[in-house]
Amino acid sequence: MVLPPVGVVAVFIGFPVLAAVAYTLGRADGPNSVVSSLAQRQHIVKHGVTFAAYHEVLTNQSVLRDLWATVWITLLSIAIVLAISWAVALYLRLTDTRLARTVSALAVVPLFIPVVIASYGILIFYGPDGFMKTIAYHVGWHSFPSYAYTLTGVVIGEVWVSVPFGVLMMSSGLNSVPNALIEAARDAGASMPRTVWSILLPLNVIPTVIVATFTGIYVLGSFTVPYLTGPTAPNLLGPAMSNFFSAFNQPQQAEVMAMIVFVLAAGIGFVYVWANVRSSKRAGATS
Amino acid sequence: MSEGIAFGGLRETAAPVERTRGPRRGIGAAAGRLLGALFVLALLVFMVGPIVWLALRAFSGTWQYPQVLPSEWTFRYWRSVFDDPNLGHSIKLSFIFAPVVTVASAAICLPAAYAFSRFNFPGRRVLLISLFATNAFPKIGLYISMAGVFYSLNLMGTFLGVVIVQLIGTIVFMTWIPTAAFSAVPRSLEEAARDVGAGPLRVFLRVTFPLAAPGIFVAMILSFLASFDEAQGTFLVGVPNYVTMPTEMYTLVLNYPEQAAAVFSLLLAIPSVVLMSFARKHVMGGRLAEGFQIR
């Protein structure tokens, strides 16, 4: 019964990925013959493998700038998403006012909006004639920057898209902490910040790890947000790959960049799997 | 939503802590309330602002910086979007692809989800994790090498090719979320039904399936939306024969007046808003938090 999805994944993801690995290592035969027949600047060997394509990409200054931008934007987005989702989830957990419920409704708005549209909305909202600049103008701040086509705009977009998952995951985690524990700490004289720090934080590590890893993997591989809101260069590796593939006609270089992103994402994915396995071991799961 | 999706849950069971402690008084409380209000305001601008701004744009005739609102309102661009045969066609195509992909994905993944939750076969966890790992590979890199495979299978520019490309983005949550939903059905209930004489099929149809239905329902809605919003793969495989709405959006943003893109955005957002409103209760209800924790 598990065969159909595993089969589909194997044929249409696993096989192409393996072919891509072979292609980046210089093999243009077999499934790569179609792609390689029209491509430019390839590093091809008939036997064995070559790392020439990797060498070329990793010494390309513009790619290195993109890689650097990808890494810091990913880290920054993770940090901001964690901060916002912790703040919203804590606010929800510790108070129950109409305001708090409004906050939870606001935080999941992006679930309802397709990414293409969100990116476009963010582009014009923070753009040169957008809302932020308009408001800043009316309060006398005439030099307020436009974030359209900047890396700041990309961070705003990535955070916007990732917040609902963070809030849902964190709230679910915080809600599973029993009230009795919190009240016991309060009765023993702990202040609210202290209670958060010594009770809620340690009990909510797994959801935090899940939010951080999923956000990281999402931002690393994202295309639409940086493509629509980001600058021409340096931008994230997603749009850069697309450029190398279609504009420069260098699919091999694009694949090398895909491998780099994949390795980074796999590193993050390892943290996610490790945290999950550790928690289910603790819970005494048998499988 | 097309680029990875994930869900936890806002459980409504946990009572708030503060209620039990009586009202706070004094300057501290007032400052706290003010801080809370500022936080909500900032969140409001950040989360909803871009969407409202975009919606205003769709009805604006003339709107010059730094006016806070348009100086002229119009439906002109709505008419021009509806009159453009290309745009109308892409809307229709999107509504054909999304249901087909959803049904295909359900047919492929739901039996697997059942197996993942009910049978503990060797390699079960590895398979679950590897489904996720494939999702971590950047899509554009995947599409490039997939193009080679598609050319040799004659799938480029075909209906089936587009369905497959969109299907791939739905497999992870079409497997994970229903797996968690099936696992949440207590086995004791199934056994009880069997004890009173129900056959295996009857047990599945009358006990297991109805209890797991909300999870499956959410997975199907997410799958529908993922297909509906998928732009990149469809662009690579489907153009020029099959141009769906989100694919059209890339062109629109670059080539049409801003207002037309805004109108099109609103149209594209309607199915998402409607469908997610149906699924809202279940998504927020926390049934799905387990979908993202591997067991």
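Computed from a prediction, not measured in an experiment: that's the story for all the values here. (Residues numbered from 1 in each chain as written. Chains lettered and ligands numbered in written order. Predicted model: local features only at pLDDT ≥ 70, side-chain atom pairs only at ≥ 80, totals over all residues.)

**Considering the overall build of chain A**
A count of helical and extended segments in chain A gives 14 helices and zero strands. Element order for chain A, N to C, with α for helix and β for strand: α-α-α-α-α-α-α-α-α-α-α-α-α-α. C-alpha extents for chain A along the principal axes are approximately 75 × 65 × 35 Å. Residues classed as buried in chain A amount to 51% of the 287 residues present. For chain A, long-range pairs separated by at least 24 residues make up 71% of all intrachain contacts whose partners lie at least 6 apart in sequence. (Helix = DSSP H or I, 4+ residues; strand = E, 2+ residues; numbered from the N terminus. Buried ≥ 20, exposed ≤ 12 C-beta atoms within 10 Å, placed from the backbone. Contact = placed C-beta atoms within 7 Å.)

**Some details on the domain arrangement of chain A**
All names here are of chain A. Split into domains, chain A comes out as domain 1 (1–50) and domain 2 (55–282). Each of domain 1 and domain 2 has a C-alpha centre, and the two are 32 Å apart. At the interface, nine residues of domain 1 touch nine residues of domain 2. Among the elements that make up the side of domain 1 that touches domain 2, the one with the highest residue count is helix H1 (residues 3–24) (three residues). (Domains from an automatic or database assignment.)

**Observations regarding the interface of chain A and chain B**
With 86 residues of chain A at the interface, the matching set in chain B holds 86 residues. Split by residue class, the side of chain A that touches chain B holds 60 nonpolar, 22 polar and four charged. (Nonpolar A, V, L, I, M, F, W, Y, C, P; charged D, E, K, R; others polar.)

**Some points on the environment of B:Asn154**
Structurally, B:Asn154 is set in the loop between helix H5 (139–152) and helix H6 (159–168). A sequence separation of 127 residues divides B:Asn154 from B:Ile27, and the C-alpha atoms of the two residues are 72 Å apart.

**Some points on the packing of helix H6 (residues 115–125) of chain A against helix H1 (residues 27–58) of chain B**
Each packed pair of helices is defined by two parameters, the angle between the axes and the distance between the axes. Contact pair H6(A) / H1(B): the axes reach a minimum separation of 8 Å and the direction vectors enclose 85 degrees. Put simply, H6(A) runs roughly perpendicular to H1(B). Of the residues in H1(B), those touching H6(A) at A:Ala118, A:Tyr120, A:Gly121, A:Ile122, A:Ile124 and A:Phe125 are B:Gly49, B:Pro50, B:Ile51, B:Trp53, B:Leu54 and B:Arg57. (Axes fitted to C-alpha atoms, helices over the stretch in contact; angles between N-to-C directions. Parallel < 35°, antiparallel > 145°, perpendicular 65-115°, else oblique.)

**Quick word on the environment of B:Val207**
Residues and elements named next belong to chain B. Tracing the chain through its elements places Val207 in helix H9 (residues 200–229). We classify Val207 as partly exposed; it has 19 C-beta atoms within 10 Å. C-alpha of Val207 to C-alpha of His89: the two residues are 118 residues apart in sequence and 43 Å apart in space. Residues within four places of Val207 in sequence aside, it is in contact with Leu189, Glu190 and Ala193.

**Description of helix H5 (residues 98–107) of chain A**
Residues that lie three or four places apart on an α-helix share one face, since the helix turns once every 3.6 residues. Taken together, the buried positions of H5(A) are occupied by A:Val103, A:Leu106 and A:Ala107. One face of H5(A) carries all of its buried residues, which in axial projection span an arc of 95 degrees. If you follow the buried residues of H5(A), they end up packed against helix H4 (61–94) and helix H8 (151–175) of chain A together with H1 of chain B. (Arc of directions from axis to C-beta.)

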